[in-house]
Amino acid sequence: MADRVTVIGWDGSPLTAAARPALGAATLVAGAAHHLALPEVPAAAERIRLGSAALAARRIAAHRGSAVVLADGDPGFFGVVRTLRAPEFGLEVEVVPAVSAVAAAFARAAMPWDDAQVVVAHRRTLRRAVNVCRAHTKVAVLTSPGAGPAELGLLMDGVHRTFVVCEELGTARERVSVVTSDKAADHVWRDPNVVIVIGSHAGVAAGGGWIAGTDPSAAPRGWTFPAEIYGGGLGEGETDLLRTAQLARLGPRVGDLVWDIGSGSGAFATEAGRSGAAVIAVDADPEACARTDAAARHFGVQLQIVLGAAPQILENLPEPDVVRVAGGGAEVVNAVADRRPRRIVAHAATRDAAERLGRDLGEHGYDVECALLQSLELDTRTWTEKERSVAFLIAARLTERDR
């Protein structure tokens, strides 16, 4: 095992008093090409080009002497420290941090960032990173080759955002550019870069917060809200009990994309968006789209609203993770199942209609469950019946993708 392992963050500024002696005494230095080219790296030290952090950790664990790992920014923030501290390597690590790339990017933009979401985008996680950008008004994206500003912009088709692209921070080639998301693919961007994605409602709030990211206390409690919150305009299949059950079955979460087909009043789309998931609300009625937009604005939720009739309008939408089908019947349910989302919910007024939907979903390889939901609302002043609703809830889960 290495006698000593020091992880040094580098942000382009001169090495600190703590970092210089550790690097000067190193017999092994690991880092990217620009790190290994630093004049402070001892000429006699063994050098490891840092590609796979796990492979570098094994080499360091087998080394006899003092090892230094050089990394950009704060190596403890989405950095190499997590891998080096893994139990299988048995390494004792000291960390000398620098300013993280995210902190530097927001400083260049002169923006606070305690209310921002931070995501890492590479080819495997790019779609989920894009969904976070769809759902939130302030997101910092740590990009990678093949998952940079151009790819983010292309995948956000139909959603307007402002990109602040910070390239090669801390170097002589540093550049900060502001573009709209639809123009990001028109440029050639240099790596490494950080993209700050800004939505329409982002701003500088008065006072200070108490938690990083989205403040959960800024929104009212509850998964669903009563009809009067939405102006009393809930339609068939939009009762509180049914929406709550649908949300519970779908389980939307940060990084997901939800389709709400037949958005109606916008109640379900808005409540799904409050979970942190991205939501596309679809309805063929312009008035329903307007109500959905009003509900989203009331709760400060970012939605993409698409006017059009399903299933035809669904063809060009990005791939969903979970879907609620509130209109269109078996034709729409089958079209949705062809796209293979992890979970689907629908409802029916009769047992025969529920059975047909369930059979169709089963033929697509889904595990299907069906429950009869009945609710009876009482007027508590007189304890008399106020409103009764009955619906069959169909919930389908694609086992091989349900994680």
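Before reading on, note that the structure itself is shown above.
## Describing the side chain of R324
Here's step 1: Within the fold, R324 resides in strand β14 (residues 322-325).
Here's step 2: In terms of polar contacts, R324 uses its side chain to reach the side chain of Q246, at 3.1 Å.
Here's step 3: Residues contacting R324, with those up to four places away along its chain left out, are G237, E238, Q246, L250, W259, D260, I261, G262, F268 and V345.

## Details of the pattern of salt bridges
Here's step 1: The final tally for this structure, using the stated rule, is 20 salt bridges.
Here's step 2: Here E174 and R108 are joined by a salt bridge, their closest N and O atoms 2.7 Å apart. In this pair, E174 sits in the loop between β8 (162-167) and β9 (175-180) while R108 sits in helix α5 (residues 101-109), placing the two residues 66 residues apart along the sequence.
Here's step 3: The exposure class assigned to R108 is partly exposed, which follows from its relative accessible area of 39%.
Here's step 4: Across the pair E369 and R249 runs a salt bridge whose closest N-O atoms are separated by 2.7 Å.

## A word on the sheet that holds strand β3 (residues 46-49)
Each strand in a sheet pairs with its neighbour through backbone hydrogen bonds, running either in the same direction (parallel) or in the opposite one (antiparallel).
Here's step 1: With respect to topology, five strands assemble into an open sheet ordered β3-β2-β4-β1-β5, the strand pairing being parallel. Each having just a single partner strand, β3 and β5 (93-96) make up the two edges of the open sheet. Averaged over all pairs of adjacent strands, the angle between their axes in this sheet comes to 20 degrees, without regard to strand direction.
Here's step 2: Where strand β2 (residues 28-31) meets β3, four bridges bridge the pair, whose relative direction is parallel. Bridged to V29 within β3 is R47.

## Points about the packing of aromatic side chains
The geometry of two aromatic rings is summed up by the distance between their centres and the angle between their planes.
Here's step 1: Summed over all chains, the structure comprises four aromatic pairs.
Here's step 2: Summarising the aromatic geometry, the rings of F77 and F78 are spaced 5.1 Å apart at their centres and angled 75 degrees between planes, so their arrangement reads as edge-to-face.
Here's step 3: A residue is classified by how much of its surface remains accessible, and F78, at 53% relative accessible area, is exposed.
Here's step 4: With a centroid separation of 5.9 Å and 10 degrees between ring planes, the pair formed by F106 and W113 is classed as stacked.

## Observations regarding helix α8 (residues 240-250)
Here's step 1: Inspection of α8 places L242, R243, A245, Q246, L247 and L250 among the buried residues, and these make up the whole buried set.
Here's step 2: Just past α8, the residue G251 takes up positive phi, approximately 60 degrees.

## Quick notes on the sheet that holds β14
Here's step 1: The mixed open sheet is built from seven strands, whose spatial order is β13-β12-β11-β14-β15-β17-β16. At either end of the open sheet lies a strand with only one pairing partner, and these are β13 (304-307) and β16 (367-379). Strand-to-strand twist of the sheet, defined as the mean angle between neighbouring strand axes without regard to direction, takes the value 20 degrees.
Here's step 2: Here four bridges tie strand β11 (residues 257-261) to β14, and the two strands are oriented parallel to one another. If you follow W259 over to β14, its bridge partner there is V323.
Here's step 3: Its contacts with the sheet put α8 on β14, β15 (343-348), β16 and β17 (384-397), and the angle it makes with β15 is roughly 160 degrees.
Here's step 4: Together, β11, β14 and β15 form the strand contacts of helix α11 (residues 329-338), whose direction differs from that of β14 by roughly 175 degrees.

## Some details on the nonpolar core
Here's step 1: Grouped together as the largest cluster of nonpolar side chains are 28 residues, with contacts concentrated most on W259, I261, L314, V325, V336, I344 and L361.
Here's step 2: For this core, the elements supplying multiple residues, two or more each, are β11, β12 (278-283), β14, α11, β15, α12 (351-363) and β17.
Here's step 3: Here the element with the most residues in this core is α11; it accounts for five residues.
Here's step 4: Setting aside residues up to four positions removed in sequence, L314 forms contacts with W259, I261, V282, V332, V336 and R339.
Here's step 5: Within the second largest apolar cluster, 25 residues are counted, among which are A245, L250, V279 and V345.

## Things to note about the side chain of N131
Here's step 1: Among the structural elements, N131 can be located in helix α6 (residues 126-135).
Here's step 2: What N131 contacts, discounting residues up to four positions off in sequence, is G255, D256, L257, A278 and D321.

## Observations concerning the environment of G255
Here's step 1: Tracing the sequence through the fold places G255 in the loop between α8 and β11.
Here's step 2: For G255 and G358, which are 103 residues apart along the polypeptide, the C-alpha to C-alpha distance reads 28 Å.

## Re α11
Owing to its 3.6 residues per turn, the α-helix aligns residues three or four sequence positions apart on the same side.
Here's step 1: Taken together, the buried positions of α11 are A330, V332, V333, V336 and A337. Viewed along the axis of α11, the buried residues span an arc of 165 degrees, placing them on a single side of the element. Seen from the buried face of α11, the exposed residues on the opposite side, beyond 90 degrees, are E331 and D338.
Here's step 2: On the buried face of α11, the contacting elements are β11, β14, β15 and α12.
Here's step 3: At the C-terminal side of α11, R340 shows a positive phi close to 60 degrees.

What counts and how
- Residues numbered from 1 in each chain as written.
- Predicted model: local features only at pLDDT ≥ 70, side-chain atom pairs only at ≥ 80, totals over all residues.
- Heavy atoms only, no water.
- Helix = DSSP H or I, 4+ residues; strand = E, 2+ residues; numbered from the N terminus.
- Polar contact = N/O pair within 3.5 Å; in protein donor to acceptor, adjacent residues only side chain to side chain.
- Contact = heavy atoms within 4.5 Å.
- Salt bridge = Lys/Arg side-chain N within 4 Å of Asp/Glu carboxyl O.
- Buried < 20%, exposed > 50% of the residue type's maximum accessible area, 1.4 Å probe, protein only.
- Pairing = 2+ DSSP bridges.
- Axes fitted to C-alpha atoms, helices over the stretch in contact; angles between N-to-C directions.
- Phe/Tyr/Trp six-rings, centres within 6.5 Å; stacked < 30°, edge-to-face > 60°.
- Core = buried A, V, L, I, M, F, W, Y, C linked by side-chain atoms within 4.5 Å.
- Arc of directions from axis to C-beta.

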